[in-house]
Amino acid sequence: MAVLLTAFTVCLLCWFFLRSRWRHLSVCVVCLFVGLIIGTVHGNLLLRDLLPEPLEGQDLSLRGTIEGLPQYRPHRGGTWRFDFRVDHCSETGCVVKRVRLSFRTNALLREGQAWNLQVRLKRPRSYANPGSFDYARWLVSSGLHASGYVRSGTLVAEGSAPRARVVEYLRERLQPYGRHPLLLALAVGDRDRLSEGDWEILRESGLSHLVAISGLHIGIAAGMGLLLGRLLSQIYGRSWLAMACGLGAATGYAWLAGFSLPTQRALIMVSAGLLALFLGRGVNRWQVMSLALLLVLLLQPMASLTPGFWLSFGAVAVLLAVFDRTKSWLSLFRAQWSLLLGLAPLSLAFFSLLSPLSLPVNLIAVPIFSVVLIPLTLVALCLEGVQPALAEGLWWLANIGLHAVMTKVEWLVPRLPAWQYTPDTHAWSGICLAFALLLAPNVLPARYLFILFLTPLAGALMLAVQSPELDRGSLKVDVLDVGQGLSVVIRTRSHSLVYDVGARYSDSFDLADAVVLPFLAHERISRLDKLIVSHNDNDHAGAYSKVVQAYPDVKLLSGELLSDSEPCRAGESWQWDRVRFQWLHPRQARLESSSNNRSCVLLIQSGSASILLPGDIDRSVEQRLQADLARAVNPPLSVLIAPHHGSKTSSSSSFIGLLQPHLVVFSAGYKHQFGHPAPEVVERYKNAGSGVASTAASGAISILLSPRGVEGVTRHREQRRFYWQ
């Protein structure tokens, strides 16, 4: 209420200035404060709808309806993921309206079904690491107030979801065609049938935007509807028929795509354009774009958190700047390469990816999709209900076209892979300026200077970039946030290693792909010397092969032998840049009783600084290692990665008393069912005078050590916080 009263007072003051000669400035001030009011109100409403913290991990009863197309994955006996609109929650204070759920069941889930579900939920939360996808931000920007899993459920009613019936019909109808996953994606936005290999090809070639129904697709649908409407308006003499048909076609296609956020945004933009076209004179193209931008932000205030928002409006801005209707064909060609170059800095900023194939492939593929494939798909959709035989012929033609394009792309991608590069702020600013100069009008003098500002990009792509900030004898330790698991990246001046890679949850999701590799790319680590898999438990070994594929020259070591790995042998040591690395365990002559106790135990020392990585060893191994540790370590130990995530079975009092660690780091999942770290273990370390940190609370923890000891500790969640966290 206080915020609204303050905003009302400010608006009154601005209205007073509207009557003065400072009218234009006053309009800007009013718009600024109105925007702040809307953002503040929306933020408070969002916080009100989020799952309350006391209800996290509790059993809740929800009644509601499945929204959108449920996604099925065959792992773990078959798991569904879907959005659920909550009509009623049993617990007092539970006011969530939409949640993201996973459900392991043999039942066939459909859009529109009503269910009673027993669930456990968490507030929007994600792995917090440099370079990782921010799942929590995606949830919030998608209007989802919690995520979790279903413990049990009862189907109440099948419901009525016409779109679901259309999708199921098309899935069966298009199954015989070789490119049916792409046909389904183009027709109804159903991308569930696209494999990881398909997505990899699309990402590497820069064609992902062509199979995600957005501005291009909705615009083509509106254009086809506009042409039909103009024909009808000439027959019936009703000028409004053209706009009505254009808007109807765009809305119908957006409905088939499930009214996802990108399609909603595209529909708003197209509607603004159609309105301007209907009004005729007095509205220029920049005003239309501004109107669309305003409407999107009014209706979707959180859209600005998504890369799609910036890419969509960035693309529109580039097209408006370079397109000239008086030189249509030449302007179309210029618009295409300008679009790809103009969006390159945004692609680097959001995805750290730049594809050399993007320009030539899009120059060919975009016209084919725009003029042939998307129109064929739309006409086939329209004919399915009246002339299925004719529609079948169009599907056949669209499949041939898709196969012809994708066959060539699949051949090219392995030969010209995409570039991974994460520029710093200064480099990114230079790249933006370079592309701005490159796209500037020919009359601008000294446009050739763009080459100078491309130097950071060219240098990064041509040279192997390592961490230049470390002195000899110093090392940087990054304990990554991989939930219930472990992954640590250790760097000296010219060498790097990875100790464990987190878990693998399914064929389509693992922490190597989601966290470790993006972090290495973000930190521009182009060479990896060693990959250590402490032991074979899933939460440590995960998809280690993905890291080996990304770094083929890496040396693989493990406490339990893997294919192509060498064993960690107690007593062996090596030195990098005046930093000493030594194996303390396992001893190959002794057969350990459990996988955990076969963990590789690594001691790293430089001057008075030392760090111990013990894997998942328990108290029995801790006891046996104490003699070696007493000889090797002068307490206090600088950093200890807590054994077995802080489990009750590890971190004995004698082990802690011997090491007296200055800082102990627990790598554990947020409110995980295992309850790591155990409260009594944390208390034991605190009583010994140790500082404690946990990835569950802090996200990735970065520690800088020099021969003098710990120089600095950085917690990722403290660096990047949003108001809903």
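As a starting point, this report considers the structure included with it. A quick note: this is a predicted structure, and the numbers were derived from the prediction, not measured. (Residues numbered from 1 in each chain as written. Predicted model: local features only at pLDDT ≥ 70, side-chain atom pairs only at ≥ 80, totals over all residues. Heavy atoms only, no water.)

## Points about the overall build of the chain
Quick note on the threshold: Every helix listed is a DSSP run of H or I at least four residues long, and every strand listed is a run of E at least two residues long, numbered separately from the N terminus. Only protein chains enter the calculation, and the probe is 1.4 Å; a residue is then buried if its accessible area is under 20% of its type maximum, exposed if over 50%, and partly exposed in between. Any pair of residues with heavy atoms lying within 4.5 Å of one another is described as a contacting pair. To be clear on the numbers: accessible area is Shrake-Rupley with a 1.4 Å probe, and residue cover counts the displayed protein chains and nothing else.
On a plain count of helices and strands, the chain comes out with 27 helices and 24 strands. The buried share among the 725 residues of the chain stands at 49%. Taking contacts inside the chain between residues at least 6 apart in sequence as the whole, the part at least 24 apart equals 67%. Surface summary for the chain: the accessible area is close to 34,700 Å², and the carbon and sulfur share equals 60%.

## What to know about helix H8 (residues 215-236)
Selection criterion: Given a helix with a known number of residues, its expected span is that number minus one, times 1.5 Å.
The terminal C-alpha atoms of H8 lie 30 Å apart, and with 22 residues this matches the ideal 32 Å at 1.5 Å per residue to within 8%. Residues of H8 that are buried include every one of His-217, Ile-218, Ile-220, Ala-221, Ala-222, Gly-225, Leu-226, Gly-229 and Ser-233, and no others. Structurally, H8 contributes buried residues whose contacts are with helix H5 (180-188), helix H7 (208-211), helix H9 (240-256), helix H10 (261-279) and helix H15 (358-384). The first or second residue beyond H8 is Gly-237, which carries a positive phi of 70°.

## Side note on the state of the cysteines
Here a disulfide denotes one covalent bond, and it connects the sulfur atoms of two cysteines. To keep things clear, this is the line we draw: The disulfide definition used here is simple: a pair of cysteine sulfur atoms within 2.5 Å.
The final tally for this structure, using the stated rule, is two disulfides. In this model Cys-89 forms its disulfide with Cys-94; the gap between the sulfur atoms is 2.3 Å. Here Cys-89 and Cys-94 share a disulfide; its torsion about the S-S bond, 95°, makes the bridge right-handed. On the basis of relative accessibility, which here comes to 10%, the residue Cys-89 falls in the buried class. Bridging Cys-568 to Cys-600, the disulfide has an S-S length of 2.1 Å. Taking the sign of the torsion about the S-S bond as the criterion, the disulfide between Cys-568 and Cys-600, at about 75°, is right-handed. Here Cys-568 is found in the loop between strand E15 (566-567) and strand E16 (573-576), whereas its partner Cys-600 is found in the loop between strand E17 (579-585) and strand E18 (601-606), with 32 residues between them in sequence.

## A few points about the side chain of His-535
To keep things clear, this is the line we draw: Any pair of N or O atoms that falls within 3.5 Å is considered a polar contact. Within protein, one atom must be able to donate a hydrogen and the other to accept it, and sequence-neighbouring residues count only if both atoms are side-chain atoms.
Structurally, His-535 is set in the loop between strand E13 (530-533) and helix H21 (538-541). Here the side chain of His-535 touches Asp-537 through a polar contact of 3.3 Å, side chain to side chain. At 3.3 Å, the side chain of His-535 forms a polar contact with the side chain of Asn-596. Residues contacting His-535, with those up to four places away along its chain left out, are His-540, Ala-541, Glu-560, Ser-595, Asn-596, Ser-599 and Asp-616.

## Thoughts on the side chain of His-716
You can see His-716 is positioned in helix H27 (residues 716-719). Dropping the residues within four chain positions of it, His-716 is found in contact with Ala-128, Asn-129, Pro-130, Ser-698 and Ala-700.

## Quick notes on the packing of H10 against helix H11 (residues 285-299)
Rule in force here: The convention used is that axes are lines fitted to C-alpha atoms, helices contributing only their stretch in contact, and that angles between N-to-C directions extend from 0 to 180 degrees. Between 65 and 115 degrees an angle is taken as roughly perpendicular, under 35 as roughly parallel, over 145 as roughly antiparallel, and anywhere else as oblique. If you view the pair so one helix is near and one far, a crossing is left-handed when the near helix is turned anticlockwise from the far one by less than a right angle, and right-handed when it is turned clockwise. In this classification, Asp, Glu, Lys and Arg are treated as charged, Ala, Val, Leu, Ile, Met, Phe, Trp, Tyr, Cys and Pro as nonpolar, and every other residue, Gly included, as polar.
Contact geometry of H10 with H11 gives a least axis separation of 9 Å together with a crossing angle of 140°. The orientation of H10 with respect to H11, classified from their angle, is oblique. Remark: the crossing between H10 and H11 carries right-handed chirality. Contacts between H10 and H11 pair Arg-265, Ile-268, Met-269, Ala-272, Gly-273, Leu-275 and Ala-276 from the former with Val-288, Leu-291, Ala-292, Leu-295, Val-296 and Leu-299 from the latter. Its residues assigned to classes, the contact of H10 with H11 comprises 11 nonpolar, one polar and one charged.

## Brief notes about the packing of aromatic side chains
Threshold: Note on ring pairs: Phe, Tyr and Trp rings are taken, using the six-membered ring of Trp, and paired if centres are within 6.5 Å. Classes follow the plane angle, with under 30 degrees stacked, over 60 edge-to-face and the rest tilted. A ring is scored as having a charge over it whenever the NZ atom of a lysine or the CZ atom of an arginine sits within 6 Å of its centre and within 35 degrees of its normal.
Considering all chains together, one arrives at 12 aromatic pairs under this definition. Between Trp-574 and Trp-576, the aromatic rings sit 5.8 Å apart at their centres with planes inclined by 65°, giving edge-to-face as the arrangement. Among the residues examined, Trp-576 registers a relative accessible area of 9% and is labelled buried. A network of ring pairs unites the aromatic residues Trp-574, Trp-576, Phe-581 and Trp-583 as a single cluster. One residue, Arg-125, lies across the ring of Tyr-670, its end atom 3.7 Å from the ring centre. A cation over an aromatic ring shows up here: Lys-530 above the ring of Trp-574, its NZ or CZ 4.6 Å from the ring centre.

## A word on the pattern of salt bridges
As a reminder of what qualifies: A side-chain nitrogen of Lys or Arg and a carboxyl oxygen of Asp or Glu constitute a salt bridge if their distance falls within 4 Å.
A full pass over the atoms with the stated rule returns 32 salt bridges. For the salt bridge of Glu-200 with Arg-203, the shortest nitrogen-to-oxygen distance reads 3.0 Å. With Glu-200 and Arg-203 both in helix H6 (residues 196-205) and three residues apart, the pair spans about one turn of that helix. In this structure Arg-203 comes out as partly exposed when scored by relative accessible area, which is 37%. Connected through salt bridges with shared partners, the residues Glu-67, Asp-83, Arg-85, Asp-87, Arg-98 and Arg-100 form a single ionic network.

## Structural notes on the pairing of strand E21 (residues 663-666)
For the record, the criterion: Strand pairing requires that DSSP identify at least two bridges connecting the strands. With the strands aimed away from the viewer, a crossover counts as right-handed if its path from the first strand over the helix to the second runs clockwise.
Both faces of E21 are covered, namely the face carrying Leu-663 and Val-665 and the face carrying Val-664 and Phe-666. The sheet contact formed by strand E20 (residues 639-641) and E21 spans three bridges and is parallel. Residue pairing in the sheet places Val-639 in a bridge with Leu-663 of E21. Handedness of the crossover is the feature at issue here: the chain leaves E20, passes through helix H24 (residues 653-659), returns alongside E21, and the resulting connection is right-handed. In terms of strand pairing, E21 meets strand E22 (residues 691-694) through four bridges, oriented parallel. Across the sheet, Val-664 pairs through a bridge with Val-692, a residue of E22.

## Regarding the nonpolar core
Inclusion rule: Here the nonpolar core consists of buried residues drawn from Ala, Val, Leu, Ile, Met, Phe, Trp, Tyr and Cys, with membership extended through side-chain atoms lying within 4.5 Å.
Residues Leu-170, Ile-218, Phe-369 and Trp-395 are the most contacted members of the largest nonpolar core, which totals 55 residues. Among all residues touching Leu-170, those that are not within four sequence positions of it are Leu-184, Ala-187, Val-188, Leu-381 and Trp-395. Listed in part, the 30 residues of the second largest apolar core include Tyr-499, Trp-576, Val-579 and Trp-583.

## Regarding unusual backbone geometry
Between His-585 and Pro-586 the backbone carries a cis peptide bond, its omega angle lying at 5°. Within the element layout of this structure, Pro-586 appears in the loop between E17 and E18. Cis rather than trans, the peptide bond between His-676 and Pro-677 has omega equal to -10°. One non-glycine residue with positive phi stands out, namely Arg-524, at about 55°. Here Arg-524 lies in the loop between helix H20 (511-522) and E13.

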